[in-house]
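# Examining the three-dimensional arrangement
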Amino acid sequence: MRTRLLWAGYGVLATLAGIGLAHAVASLTDPGSSPVLAVGSAVIDLTPTPMKEWAIRTFGSADKIILVGSVLVGVLALAGVAGILARRRLALGAGLLIALVAIAGVAVMTRPSVRPLDIVPTVVAAVAAVAALVLLSRKQQHATTSGGRRGVLLAMGALGVTAAVGGIAGRLIGGLRLRPEDVTLPMPSDAAPPLPRGLDDQVPGITSFTTPNKDFYRVDTRLDTPIVSADDWTLTVDGDVENKLTITFEELLDMPMIERDITLTCVSNSVGGQYVGSARWLGVPLRDIFDKAGVGRRADQILSTDFDGMTISTPLDLATDGRDAMIVVGMNGDPLPREHGFPVRMLIPGLYGFISATKWLTKLTLTTYAEQDAYWTKRDWATDAPIKISARIDTPKALAQLDAGDVVVGGVAWAQERDGIEKVQVRIDGGPWTDARLGPDGGENYWRQWFYPWQAKSGSHRLAVRAVAGSGEAQTAVRAEPFPNGASGLHELIVNVA
Ligand SMILES: Nc1nc2c(c(=O)[nH]1)N[C@H]1C(S)=C(S)[C@@H](COP(=O)(O)O)O[C@H]1N2
Ligand SMILES: [Mo]
């Protein structure tokens, strides 16, 4: 039994060394060609939508780590089996390792933006893993016949170091290119008015008026934080245009910039959920870029592509109806953080992020819905998805234990592209709807904080909230799940007052 475990360990170690080396090699060329990341992305892509929804609900932002972690555990288990096989028949063990790496190779080579040389890291992984297994088995045989264990231990140490150094080097090498902290943002030619002071200090537990970058929710299909260099970044505008354009990062920074306060919301946000955030964005109006390109008459879709070939579709008519659609370079006064799309992302007020907010943007293609399907369109999500009017209770929390007397109920509400929030109302225990007080106005595309001073009597109480937009449109109470075009319904919760 112990010998078996030892050999299983050899299989795992050999595989880890191969993976580590491949990861380092991939970071020198195209980080996306790392077999680990490619397998992870493939798993995410192939996971059926209901299961993904379930994972997001159950594990929150850890959803991907859990999905992919399970796959990794499976792979390492098979690597262990390869080690055990290698004890009797080295070729059999090596064969299983090669088969495992070959599956990763398929994942690498079927990515949307693949280039022929992307196979190199996978080949490195296969060669290194097999060589490591051969080395370990030689040393082990030597140890068994001569009794000296030093060779095995040294080999194991060396391979462990290779795995770790490879993985870390991959990260470091990638990080050497033009980083967010190296970018100096231009001043906006059309600045946003100063944001009024929110209710942050007045209402304990309320969501802050501006979401700091480090707390901003993050939703994307990627496992890693991509490292895209601003040096060699370009934006291509093609498809149904008069002039095909290629714009460099420097050229983009030279264009007139606007600054806007906008609340971004994810279609996967459930009622009362946390996938919503508000920031001050700096960028070039999409209109200016389209003016340079000259958009044709045929297109009805903007198909935007990220650096890795992931696509997002946006209805052209909505993006160009006069709203502040932007090609964004700055967030809350800083260059875009890597997590939020460095160096450049798209942002369109009033549309859920999955049809408007492409991060790591590299291409805008003017095309039609009939001709081309984006990532989420292929997965049956809606193509036309305005953000639904929503109100959320931030404080007190569901099932909170409160003392009788003065309680401040508070939260945020949003109604982008509908003249902002006009009214927020609170209902206690199914009674009448009563107006809450509103925080300061941050503009029509920005959420509004609200609060409601409540005289809480002992017992269990049900709190509910609803919002009305400046356009007169009221939030619907009809319940809907996020799929396919956003959740709706009222946020309600129960608290217990002593
Ligand atoms: N390249 C890319 N851009 C993307 C996504 C993605 O998966 N890949 N996710 C979108 C979704 S669903 C949302 S809600 C927003 C989230 O932006 P954030 O992570 O900066 O909050 O980005 C959008 N842009
Ligand atoms: Mo989203």
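Residues numbered from 1 in each chain as written. Chains lettered and ligands numbered in written order. Predicted model: local features only at pLDDT ≥ 70, side-chain atom pairs only at ≥ 80, totals over all residues. Heavy atoms only, no water.

If you check an unreviewed UniProt entry, the protein appears there as Molybdopterin-dependent oxidoreductase from Nocardioides vastitatis.

Quick look at the pattern of salt bridges now. According to the stated counting rule, one finds 15 salt bridges in the structure shown. Salt-bridge contacts for D308 lead to R222; the nearest nitrogen and oxygen are separated by 2.9 Å. Remark: R222 occurs in the loop between α7 (150–175) and β1 (234–239) and D308 occurs in the loop between β5 (301–306) and β6 (311–315); sequence separation between them is 86 residues. The salt bridge involving D321 is made with R323; its shortest N-O contact spans 3.0 Å. (Salt bridge = Lys/Arg side-chain N within 4 Å of Asp/Glu carboxyl O. Helix = DSSP H or I, 4+ residues; strand = E, 2+ residues; numbered from the N terminus.)

The subject of this paragraph is the UniProt feature "transmembrane region" (unreviewed entry) in the protein. UniProt's entry tags residues 65–85, 90–110, 116–136 and 152–173 with the feature "transmembrane region" (unreviewed entry), counted in the numbering of this structure. Along residues 90–110 the backbone is 95% helical and 0% strand, and the end-to-end C-alpha distance reaches 31 Å. (UniProt positions renumbered as here; feature names shortened; annotations may be inferred.)

V237, L252, W281, I289, I327 and L364 are the most contacted members of the largest nonpolar core, which totals 71 residues. Mapped onto the domain boundaries, this core takes at least three residues apiece from domain 2 (213–378) and domain 3 (390–497). Setting aside its immediate chain neighbours within four residues, W281 contacts F216, I258, E259, R260, I262, M326, V328, G330, M331, L336, R345 and L347. Core analysis: the second largest hydrophobic core is formed by 25 residues, L402, A413, I421 and V465 among them. (Core = buried A, V, L, I, M, F, W, Y, C linked by side-chain atoms within 4.5 Å. Buried < 20%, exposed > 50% of the residue type's maximum accessible area, 1.4 Å probe, protein only. Domains from an automatic or database assignment. Contact = heavy atoms within 4.5 Å.)

Going from F342 to P343, the amide bond is cis rather than trans, its omega being 5 degrees. With respect to the element layout, P343 can be found in the loop between β8 (334–335) and β9 (345–347). A cis amide bond, omega 0 degrees, links F483 with the succeeding residue P484. Structurally, P484 can be placed in the loop between β18 (459–469) and β19 (491–497). Its identity is not glycine, yet L399 carries a phi of approximately 65 degrees, on the positive side. Within the secondary structure, L399 is located in the loop between β11 (390–395) and β12 (401–402). For L399, a relative accessible area of 58% puts it in the exposed group. Despite not being glycine, D419 has its phi angle at roughly 60 degrees, a positive value. Position of D419 among the secondary structure elements: in the loop between β13 (405–414) and β14 (421–428).

Near ligand 1, the surroundings consist of 20 residues, among which Y217, D306, H340, R345 and K359 are the closest. Interatomic distance of 2.7 Å between a backbone N/O atom of Y217 and an oxygen atom of ligand 1. Residue A357 places a main-chain N or O atom 3.0 Å away from a nitrogen atom belonging to ligand 1. Taken by itself ligand 1 offers 530 Å² of open surface, and the protein chains cover 99% of this. (Near = heavy atom within 4 Å. Polar contact = N/O pair within 3.5 Å; in protein donor to acceptor, adjacent residues only side chain to side chain. Areas by Shrake-Rupley, 256 points an atom, 1.4 Å probe, with all protein chains shown as cover.)

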